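Chain by chain, the residues:
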Amino acid sequence: MAHHRPLLAFTLCLLTAPLFPAAAATGEARVDALLRQMTLDEKLGQLTLYSGGTATGPETGRRAYEAMVAAGEVGAFLNVVGPDVNRLQKIALEDSRLKIPLIFALDVIHGYRTIFPTPLGLSATWSPDLVERSARIAALEARADGLRWTFAPMVDIARDARWGRITEGAGEDPYLGRVMAAAYVRGFQGRALGGPHSIAATLKHYVGYGAAEGGRDYNTTQIPERLLREVYLPPFRAGVEAGAATVMTGFNALNGVPASANDFILRRILRQEWGFEGLVVSDWTSIAEIEAHGTARDGGDAARKAITAGVDMDMESDLYRTRLGAEIAAGRVALSVIDEAVRRVLRLKMAVGLFDEPYAELDPDAMVQPGFREVAREAAERSFVLLKNDGVLPLKPDAKVALIGPLAEDAGAMLGSWGARGRPGDVVTLRAALAHRLGGGLIYARGTGIDTRSDDGFAEAVAAARQSDIAILALGEDAGRMTGEAASRTRLDLPGNQTALLKAVAETGVPIVLLVFSGRPLDLTDVAPDVEAMLAVWYPGIEAGPALSRVLYGDSSPGGRLTVSFPRAVGQEPLYYNRLSTGRPVPPEDRSGGGEPLPKYVSRYIDEEDTALYPFGYGLSYTRFSYGPVSVEHDRYSARALNAGKTRIRVRGEVTNVGERPGEEVVQLYIRQRGTSVARPVRELKGFQRVALRPGETREVEFSLGRDELAFWTIDMEHLVEPADLQVWIAGSSTDGQPATTLIGD
Ligand code: BGC
């Protein structure tokens, strides 16, 4: 239907902060008029969100969706795309009494048809601009298939690699989490939510879901208020400030109160403190689950608790539609609470333009435009993190290559755990890309499956390696089964017999380049010594092969840095760099290779170091960078002036490319404050810049620290800058560098 395909330059241009036109006067009058006409059942229908794929029929309490839409019993759908969107919309507009359009949503997480690296991979680019562009493309494609709403970004901070959903977020750091949350929102929503290529974003899962105990999905979370405010809430707040239209509640119980019925986080923080005016949607059946959590006696009780806590829309529980009527009749829920929720649904529909242009302009030609592939490739290249390199990378163009492993030609896996409408057929695999580059010269052997016991394929893999100068091993996790939702693991090693395969190949003495495809940090302690080079490549998306091939051969240098700590052993989890010190930290000189015998009465394990194998912020390049000393402008600052926003602390550093190749460094700013009323983390990221440097080139980098960076929740739960000794690092990772110091006085 659509003829005017937007110009790439237009769609990708950098956009200023989006506007969420929530309460435009004429719109509000329309909302009021509708509300006055609506019956209670029609109101509850607007609060009802169904998935297209779920069952209807007598057992479920649902009739055919067509009939329900005609009766005004449904307000929104997820998992309905393409021509079905207009088919159902026509029923809503022609057959329902009030002709309120439906809104259609989907989990458009890291691309719609053009699939980009998984969010954890995208975060490793440390490039909000690239994240924004990827979300813009996703929005354009989703919109061209009938959608106006995505359940993304997931902005849950995740400190535990066992949790499968760590792959869906931006990692462990709240500062980076904030930057990325805002970038996704800008990308999805564009300059204005009503724009022709915009979709409403959803910040999820509010809040604390990533802190699931033991890393087990859906598990309970216990988060003291200070930690909640300093670590888990900031990305949500940044997303709200960027204009996110909606927020989704989590599955978790937070300090004993289910997140989907949690007045404190929903009414007090989100609505009152932050002034959020958008829509709050539950997660999939998370309202019904309030009963299983144990704070509701039955479905009616669950519905009442959810709506009064501030959850406007019910995804899949079907309890608002079926049970709230009785709650209202019994006087347990006020009609004004329902009206408030309905208003938000109607405003959202208005904001995304549904009242003006309810039908979708479907445009299959909008998908996977050549320019989109370029962005997907660039994103993938920048997401790869070079963990180790003894000098075999980049590969020599004439080296004979054996490509081994189950992920070398698994097109489906490259789409990650939320492939939206991505197609394996759009993926260029590593095998295809290398075959293209090397002509006939590539030897391939699968070796084993991802989760296989039999070593039948080992001999062929070993033989392939023997005939070659170098072996590239493509190993890792099963994207669909082992990463994402309901995919928590107690082991973080390479699954199945992949480690044994790697050891068998290593026996040949042929140098190995290991590509680790995963949705989480893996425990690579056992395999690192056997390989000459190693890259964390996540799941790179449709341009996996070309991006990997270009990086392996040095057409570009791997640009990613870790946004999650890679452990030495699973027993260290949860593991994160911005931890508090203990009273008995391990003295640095006693760490690996240090003092013997190992000191006993310090905070450590008897069988493993306390540090990460590869820390947050870490990542090598094909060149090397060196840092000059850090300097702080003054030796003393005033906390009062910092709190008043009257001064900022200027910090300078210098970085030089001391290697032979051009490269990009992610220059990171960290702080530590001592002498404060409450202990502060041993390091906290407070800024970063990506700088491209030619060999020999030096760049001065400057940062500044103000109230936003220095304030924390004090002993009295005030958000303030306190007097403190301040250390500042400008370095290439969370464990590098020498700090400068300054004093924050009264
Ligand atoms: C997930 C959400 C997702 C929803 C709809 C749930 O199982 O937790 O992240 O948005 O399903 O697909």
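Cut-offs and rules
Residues numbered from 1 in each chain as written. Predicted model: local features only at pLDDT ≥ 70, side-chain atom pairs only at ≥ 80, totals over all residues. Heavy atoms only, no water. Helix = DSSP H or I, 4+ residues; strand = E, 2+ residues; numbered from the N terminus. Rg over C-alpha atoms; globule rule 2.2 N^0.38 Å. Contact = heavy atoms within 4.5 Å. Areas by Shrake-Rupley, 256 points an atom, 1.4 Å probe, with all protein chains shown as cover. Lys, Arg positive; Asp, Glu negative; His and termini not counted. Charge placed at Lys NZ, Arg CZ, Asp CG, Glu CD. Near = heavy atom within 4 Å. Polar contact = N/O pair within 3.5 Å; in protein donor to acceptor, adjacent residues only side chain to side chain. Nonpolar A, V, L, I, M, F, W, Y, C, P; charged D, E, K, R; others polar. Salt bridge = Lys/Arg side-chain N within 4 Å of Asp/Glu carboxyl O. Pairing = 2+ DSSP bridges. Axes fitted to C-alpha atoms, helices over the stretch in contact; angles between N-to-C directions. Buried < 20%, exposed > 50% of the residue type's maximum accessible area, 1.4 Å probe, protein only. Arc of directions from axis to C-beta. Phe/Tyr/Trp six-rings, centres within 6.5 Å; stacked < 30°, edge-to-face > 60°. Domains from an automatic or database assignment. Buried area = accessible area lost by both parts, 1.4 Å probe. Core = buried A, V, L, I, M, F, W, Y, C linked by side-chain atoms within 4.5 Å. Parallel < 35°, antiparallel > 145°, perpendicular 65-115°, else oblique. Left-handed = near helix turned anticlockwise from the far one by under 90°.

Quick question: what am I supposed to make of the overall build of the protein chain here?
Scanning the protein chain from terminus to terminus reveals 23 helices and 27 strands. By the compact-globule yardstick of 27 Å for 746 residues, the protein chain fits well, its C-alpha radius of gyration being 26 Å. Here the analysis covers contacts within the protein chain between residues at least 6 apart in sequence; of these, 79% occur between residues at least 24 apart. Of the accessible surface of the protein chain, which amounts to about 27,300 Å², a share of 50% is contributed by carbon and sulfur atoms. Side-chain charges in the protein chain split into 82 positive and 95 negative, and the spacing between the mean points of these groups amounts to 3 Å.

I keep staring at the site of the ligand and nothing clicks. Help me out?
Residues in close proximity to the ligand total 13 residues, the closest being Asp107, Arg165, His205, Asp283 and Glu485. Take Arg165: an N or O atom from its side chain is 2.7 Å from an oxygen atom of the ligand. One nitrogen or oxygen atom from the side chain of Lys204 is found 2.8 Å from an oxygen atom belonging to the ligand. Burial of the ligand by the protein chains amounts to 93% of its free accessible area of 310 Å². Looking at the shell around the ligand residue by residue, the class counts come to seven nonpolar, one polar and five charged.

Teacher, can you tell me more about the pattern of salt bridges here?
Using the criterion set out here, one finds 59 salt bridges in the structure. A salt bridge links Lys204 to Asp107; the nearest nitrogen and oxygen atoms lie 3.1 Å apart. Residue Lys204 is located in strand β5 (residues 202–206), and its partner Asp107 is located in the loop between β3 (103–106) and α6 (119–123); the two are separated by 97 residues in the primary sequence. One salt-bridge network, held together by shared partners, links Arg267, Arg271, Asp312, Glu340 and Arg344.

How should the sheet that holds strand β16 (residues 533–536) be read in this particular structure?
Picture the strands of a sheet paired through backbone hydrogen bonds; they go either parallel or antiparallel. Taken together, six strands build an open sheet; the order of strands is β11-β16-β15-β14-β12-β13 and the sheet is mixed. Both edges of this open sheet fall to β11 (385–389) and β13 (442–445), since each of them pairs with a single strand only. Ignoring which end each strand starts from, the neighbouring axes of this sheet average 15° apart. Examined bridge by bridge, strand β14 (residues 470–476) and strand β15 (residues 512–517) share six bridges and lie parallel to one another. Counted as the bridge partner of Leu473 is Leu514 from β15. In this fold helix α17 (residues 430–438) packs onto β12 (401–404), β13, β14 and β15, with an angle of close to 160° to the strand it touches most, β13. Contacts from helix α20 (residues 498–507) reach β12, β14 and β15, with the element oriented near 175° to β14.

What's the story with the pairing of strand β20 (residues 649–657) in this structure? I'm lost.
Strand residues, when the strand is regular, have side chains that alternate between the two faces of the sheet. The sheet contact formed by strand β17 (residues 625–627) and β20 spans three bridges and is antiparallel. Each residue of the ladder has a partner; that of Tyr627, found in β20, is Val655. The pairing of strand β18 (residues 631–632) with β20 spans two bridges and is classified as antiparallel. For Ser631, the partnering residue across the bridge sits in β20 and is Arg652.

In this structure, what is going on with α20? I would like to understand it.
For the α-helix, the turn length of 3.6 residues means that residues three or four positions removed from each other point alike. Turning to α20, its buried residues number three or more, namely Gln498, Thr499, Leu501, Leu502 and Val505. Down the axis of α20, the sector holding all buried residues measures 160°, keeping them to one side. Buried-residue contacts for α20 involve β12, α18 (458–466), β14 and β15. Among the residues trailing α20, Gly509 stands out with phi positive, at a value near 85°.

Sorry if this is basic, but what is going on with the packing of aromatic side chains here?
Any aromatic ring pair is given by two values, namely how distant the centres are and how the planes are angled relative to each other. Inspection of the entire model under this criterion finds 17 aromatic pairs. Pairing Phe77 with Phe104 gives two aromatic rings, centres 6.1 Å apart and planes at 15°, and the pair type is stacked. In this pair, Phe77 is assigned in strand β2 (residues 76–78) and Phe104 in strand β3, connecting sequence segments 27 residues apart. As far as burial versus exposure is concerned, Phe77 and Phe104 are alike and both buried.

When you look at the domain arrangement of the protein chain in this model, what are you seeing that I'm missing?
Interface extent is often summarised as the accessible area lost during association of the parts. Per the domain assignment, the segments of the protein chain are domain 1 (2–12 + 24–351), domain 2 (377–552) and domain 3 (625–745). At the junction of the two partners, domain 1 supplies 35 residues and domain 2 supplies 32 residues. Counting each side, the surface lost to burial between domain 1 and domain 2 is near 2,700 Å², with a carbon and sulfur contribution of 58%. The tally of links between domain 1 and domain 2 comes to 19 residue pairs in polar contact (both at pLDDT 80 or more).

Which parts of the structure should I look at to understand the nonpolar core?
Soluble globular proteins: nonpolar side chains tend toward being buried together. The biggest cluster of nonpolar side chains holds 177 residues, and the ones touching the most others in it are Phe77, Trp149, Tyr206, Leu393, Val513, Leu515 and Leu552. The residues contacting Phe77, other than those within four sequence positions of it, are Leu49, Tyr50, Gly52, Tyr65, Val69, Leu88, Leu102, Ile103, Phe104 and Ala105. Core analysis: the second largest hydrophobic core is formed by 43 residues, Ala124, Leu475, Leu502 and Leu522 among them.

So what exactly am I meant to see when it comes to unusual backbone geometry here?
Put simply, Ala152 and Pro153 share a cis peptide bond, and its omega is 5°. Cis geometry is found at the peptide bond from Tyr206 to Val207, where omega equals -10°. The topology assignment puts Val207 in the loop between β5 and α9 (225–232). A positive phi angle is found at Val368, which is not glycine, with a value near 45°. A positive phi is found at Ala486, a non-glycine position, where the angle reads about 55°. Considering the arrangement of structural elements, one finds Ala486 in the loop between α19 (479–482) and α20.

What is the right way to look at the packing of helix α13 (residues 299–309) against helix α14 (residues 319–329) in this model?
In a pair of packed helices, the angle between the axes and the distance between the axes together describe the arrangement. Following both chains from N to C, one finds α13 and α14 inclined at 90°, their axes separated by 8 Å at the closest point. Put simply, α13 runs roughly perpendicular to α14. Seen from α13, the contacting residues are Gly299, Gly300, Asp301, Ala302, Ala303, Arg304, Ala306 and Ile307; seen from α14, they are Leu319, Tyr320, Arg323, Leu324 and Glu327. Residues that form the contact of α13 with α14 fall into these classes: seven nonpolar, two polar and four charged.

Would you mind going over the packing of α17 against helix α21 (residues 544–552) with me for this structure?
Running from N to C, α17 and α21 point in directions that differ by 55°, and their axes come no closer than 7 Å. Taken as axis vectors, α17 and α21 run oblique relative to one another. Where α17 crosses over α21, the handedness of that crossing is right-handed. Packed against α17, whose contacting residues are Leu430, Ala433, Leu434 and Arg437, the element α21 presents Gly545, Pro546, Leu548, Ser549, Arg550 and Leu552 at the interface.

Looking at this model, I keep getting lost on the sheet that holds strand β1 (residues 48–51). Mind explaining?
With parallel pairing, the five strands of this open sheet are ordered in space as β4-β3-β2-β1-β10. With one partner strand each, in any of the chains shown, β4 (149–150) and β10 (314–315) form the two edges of the open sheet.

Would you explain α13 in this entry?
Counting buried residues along α13, eight of its eleven residues qualify, which places the element largely inside the surrounding structure. When we look at burial in α13, the residues that qualify are Gly299, Gly300, Asp301, Ala302, Ala303, Ala306, Ile307 and Ala309. Where α13 begins, one side-chain oxygen reaches toward the backbone nitrogen of Gly300, 3.1 Å away; that side chain belongs to Asp298. Just beyond α13, the residue with positive phi is Gly310, at close to 115°.

Quick question: what am I supposed to make of the side chain of Asp107 here?
Classification of Asp107 as buried rests on a relative accessible area of 10%. At 3.1 Å, the side chain of Asp107 forms a polar contact with the side chain of Lys204. Residues contacting Asp107, with those up to four places away along its chain left out, are Leu78, Thr150, Phe151, Lys204, Trp418 and Ala420.

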